[in-house]
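Structural overview for review
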Amino acid sequence: MKFIHTADWHLGKLVQGVYMTEDQRFVLRQLIDEVERERPDAVIIAGDLYDRAVPPTEAVELLDELFAELVVGLGVPVLAISGNHDSPDRLAFGTRIMEARGLHLVGQLGAEIKPVVLSDGDGEVHFHLVPYADPAQVRFAYGDEAIRTHDEAMKAIVDRIEERMDKQARHVFVGHAFVTPGATPQDNTSQSERPLSVGGAEHVHAEYYRSFQYTALGHLHQAHHVGDERVRYAGSPLKYSISEEHHRKGYYVVELDGDGAITVEQRLFAPVRDMRRVVAPVEVIVGATAVASDDYVFVTLLSDNPVLYPMEKVRAVYPNALHVEVKAATVVEGKGDGVGDAAGVSRREADPVSLFAAFYEEVKGQPLTEDKRRLFAETYADVVREEGGAL
């Protein structure tokens, strides 16, 4: 059986005030063309179809266009789940009607996870679609008060699947989580990935997926496998922050033989424009000696003197410049490109608990206690959940 694994489309994404919808359409049309050539048995989308709970109209129209071409036009089943950016209820509306046509979209986690069963010449393949759910949602769905972390929640989900697993079939897990070897923090994240947990553990053990022939994951934007070659993140189709500058964006074509062995090939997208850094003396940019480009660029101008109207100067050469900063050339000299190497974390990148802890200490003159930190994290998580997951 052959299927395509993609994830984290984030339709309606806004980067530095610029909507990425047309860029997304450009690369996802390449996916449609690939499906038409390959004729896979299914297309998997492992969460975060939209970038936020209430997406813009253009994003909804694009998803409708793509689903129509895949399911109706090409007759290829689409198996998708909601991610932490999506609104589960909105995404799942009407899907029971569309399942007959081959669109299987799971928004909310239920007490029972019924697999989508597809068949080839070697028998059945069961696809277990597990949407993103925080520990409180899993605790409620399963009636288990012991579930407190993402790791415990995922173990409970997988245990339930394994209890009912048909041993004669091959199995594929589709999920949206932060999976790492040993459930420990890793450095393969980007600034555009929203934390799954506020002030608590968000990591999940990769070992839980040993019973599956393949695990198709979403959430992390860099394509990679997690310990086992069968546990993979497809990554996002585009670069959504400058921290993803060196990512190779694409999707996986996965083939599963009758014995459950897999072969995986990454196919790359060709974006209409790249996202990259430019570090240069201001004279190089202003003097038009820089090579003009339509790429999305984050520019660092090197100058020991004030620069008037830096964005206007940069956009004369880079019309799609997203960010411009000025740094003293004497400070940057000898320190690489001087971009993104500031000590510490900016307030924009810090998690809400850390921000509150810093604010509390500044106001009260004493550090935030662990009890108060935990109380703030739980309260903040409740507010986020009530507001539809929009951090």
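Everything numeric here is computed off the predicted structure, so don't read it as measured data.

Reading the values: rules and limits
Residues numbered from 1 in each chain as written. Predicted model: local features only at pLDDT ≥ 70, side-chain atom pairs only at ≥ 80, totals over all residues. Heavy atoms only, no water. Salt bridge = Lys/Arg side-chain N within 4 Å of Asp/Glu carboxyl O. Helix = DSSP H or I, 4+ residues; strand = E, 2+ residues; numbered from the N terminus. Buried < 20%, exposed > 50% of the residue type's maximum accessible area, 1.4 Å probe, protein only. Contact = heavy atoms within 4.5 Å. Pairing = 2+ DSSP bridges. Axes fitted to C-alpha atoms, helices over the stretch in contact; angles between N-to-C directions. Expected span 1.5 Å × (residues − 1). Polar contact = N/O pair within 3.5 Å; in protein donor to acceptor, adjacent residues only side chain to side chain. Phe/Tyr/Trp six-rings, centres within 6.5 Å; stacked < 30°, edge-to-face > 60°.

Before going further, it helps to examine the pattern of salt bridges. Opposite charge on two side chains allows them to pair when their charged atoms are near. Tallied over the entire structure, the rule returns 25 salt bridges. Its salt-bridge partner being Arg25, residue Glu65 comes within 3.1 Å of it at the nearest N-O pair. Residue Glu65 is found in helix α2 (residues 57–73), and its partner Arg25 is found in helix α1 (residues 21–38); the two are separated by 40 residues along the sequence. Glu65 gets classed as partly exposed once you look at its relative accessible area, which sits at 25%. By sharing partners, the salt bridges in this structure join Lys2, Glu34, Arg37, Glu38, Glu265 and Arg267 into a single network.

Mapped onto the secondary structure, Leu129 falls in strand β8 (residues 123–129). For the pair Leu129 and Val172, spaced 43 residues apart in the sequence, the C-alpha separation amounts to 8.7 Å. In this view, Leu129 contacts Leu79, Ala80, Ile81, His104, Val106, Ile113, Val116 and Val174; residues no more than four positions away in its chain are not counted.

Strand order in the open sheet formed by 6 strands is β7-β8-β9-β12-β14-β13, with mixed pairing between adjacent strands. Since the sheet does not close on itself, it has two edges, and those belong to β7 (116–120) and β13 (224–226), each with one partner. Taking each pair of neighbouring strands and ignoring which way they run, the sheet shows an average axis angle of 30°.

In this section: the pairing of strand β15 (residues 250–256). In terms of burial, β15 is largely enclosed, as 6 of its 7 residues are buried. Two elements, strand β1 (residues 2–6) and β15, share 4 bridges in a ladder whose sense is antiparallel. Paired with Ile4 across the two strands is Val253, which belongs to β15. By the bridge criterion, 7 bridges tie β15 to strand β16 (residues 262–268) in an arrangement that is antiparallel. Bridged to Glu255 within β16 is Thr263. Between the end of β15 and the start of β16, which pair antiparallel, lie 5 residues, with Gly260 showing a positive phi angle near 90°.

With that settled, the discussion passes to α1. Taking 1.5 Å per residue as the helical rise, α1 with its 18 residues ought to reach 26 Å, and the 25 Å between its terminal C-alpha atoms agrees with that figure. Burial in α1 covers these residues: Thr21, Asp23, Gln24, Val27, Leu28, Leu31, Ile32, Glu34 and Val35.

Time to look at the side chain of Asp86. For Asp86, the location among the structural elements is in the loop between β5 (78–81) and α3 (88–92). Residue classification places Asp86 among the buried residues on the basis of a relative accessible area of 3%. For Asp86, the side chain forms a polar contact with the main-chain nitrogen of Gly83, separated by 2.7 Å.

This next bit is on the packing of aromatic side chains. A complete count under the given rule lists 6 aromatic pairs for this structure. Ring centres of Phe3 and Phe127 lie 5.7 Å apart, and the angle between their planes is 85°; this geometry places the pair in the edge-to-face category. One end of the pair, Phe3, is in strand β1; the other, Phe127, is in strand β8, with 124 residues separating them in the sequence. Look at Phe127 and you get buried, because its relative accessible area is 0%. Judged by centre distance (5.2 Å) and plane angle (65°), the ring pair of Phe173 and Phe212 falls under edge-to-face. One end of the pair, Phe173, is in strand β9 (residues 170–176); the other, Phe212, is in the loop between β11 (203–205) and β12 (214–218), with 39 residues separating them in the sequence. Cluster of aromatic residues (ring-pair linked, three or more members): Phe3, Phe127 and Tyr214.

Worth remembering: the numbers are spatial, not functional.
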